[in-house]
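Observations on chain architecture
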Amino acid sequence: MKKYFLPAVIAIMCCSVLSSVSAQEERLFNGKDLSNWEFVVDGDSVPGSQVYSVQNGEILIQGRPFGYMYTKKTYRNYTLNVEWAWVDEPTNSGIFVIIAQTTNPFPNGIEVQLAAGNAGDFVMLGGSDMVEFKAPEDRPRPRFPVVRKKEATNEKVAGEWNKAKIIVNEGKITVYINDVFQNEGTCPVKEGHIGLQSEGKRIKFRNVTATINN
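Another point: the side chain of Asn77. Mapped onto the fold, Asn77 is located in the loop between strand S5 (67-71) and strand S6 (78-86). Exposure remark for Asn77: the relative accessible area of 13% places this residue in the buried category. A distance of 2.6 Å separates a polar atom in the side chain of Asn77 from the backbone nitrogen of Glu170. Ignoring anything within four residues of it in the chain, the contact list for Asn77 reads Val168, Asn169, Glu170, Thr211, Ile212 and Asn213.

Here's what the structure looks like:
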């Protein structure tokens, strides 16, 4: 049996190397500036720099006016890790994935809701869709359809850091909030930008990374 041992070890090592090559972590926020991002502000009422900035190595978003910042690049299959904290009080915001069109003030894309009490919900923005959403037969489709999260709210209080882990694979989106599985759904669109929302009051983000799966 020994003659089979070495080839088996080599095969395992090769698989490990290939796996590490195919998955690459990318820092979407470099901790210094927002050079990797573009900005949308409702009605272009103020410069983006008044809404989105970097302070103490963290992204600070004012919450008003409405809008969002989004990556210059598009992404298809990845695991997104983001930490966020409400600055003054629990408020509203969201993480956008699979942004197909960067319209103002809401894109065509899927929002992973961060609003207090609802973190983990899916919100379909700008006419986007999900397989799991069933339109009501007796009334018009809502402007922002929602697919509710699976588990009880598990966000932390204002000032403490929360974690969101979002896995996107060929349009399938899986969401964990503070390590708890909260939602899963499928978008017909498979590739798009990643975004962070301005809505409500001040919120900050850090450690925004994506492990790209080729």
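Turning our eyes to something else, we now look at the pattern of salt bridges. Summed over the entire model, instances satisfying the criterion amount to 12 salt bridges. One salt bridge connects Lys73 with Glu26, and the closest N-O pair in it is separated by 3.3 Å. Residue Lys73 is located in the loop between S5 and S6, and its partner Glu26 is located in strand S1 (residues 23-27); the two are separated by 47 residues in the primary sequence. Two residues, Lys163 and Asp179, come together in a salt bridge whose shortest N-O distance is 3.0 Å. A residue pair is termed long-range when its members are at least 10 positions apart, and Lys163 in strand S11 (residues 162-169) and Asp179 in the loop between strand S12 (172-177) and strand S13 (180-186) qualify at 16 residues.

Moving on: the pairing of S6. Summarising burial for S6: eight of the nine residues are buried, a large majority. Relative to S11, S6 is paired through seven bridges, and the arrangement is antiparallel. Bridge pairing links Trp84 to Asn162 in S11.

Turning our eyes to something else, we now look at the packing of aromatic side chains. One pass over the full model with this rule turns up seven aromatic pairs. Between Tyr176 and Phe181, the aromatic rings sit 5.8 Å apart at their centres with planes inclined by 65°, giving edge-to-face as the arrangement. According to the relative accessible area criterion, Phe181 is partly exposed, its value standing at 32%. Put simply, the rings of Phe66, Phe106 and Phe144 pair up and form one aromatic cluster. Cation over ring: Lys165 sits above Tyr176, and NZ or CZ is 5.8 Å from the ring centre.

About the thresholds
Residues numbered from 1 in each chain as written. Predicted model: local features only at pLDDT ≥ 70, side-chain atom pairs only at ≥ 80, totals over all residues. Heavy atoms only, no water. Helix = DSSP H or I, 4+ residues; strand = E, 2+ residues; numbered from the N terminus. Buried < 20%, exposed > 50% of the residue type's maximum accessible area, 1.4 Å probe, protein only. Polar contact = N/O pair within 3.5 Å; in protein donor to acceptor, adjacent residues only side chain to side chain. Contact = heavy atoms within 4.5 Å. Salt bridge = Lys/Arg side-chain N within 4 Å of Asp/Glu carboxyl O. Pairing = 2+ DSSP bridges. Phe/Tyr/Trp six-rings, centres within 6.5 Å; stacked < 30°, edge-to-face > 60°. Lys NZ or Arg CZ within 6 Å of the ring centre and 35° of its normal.

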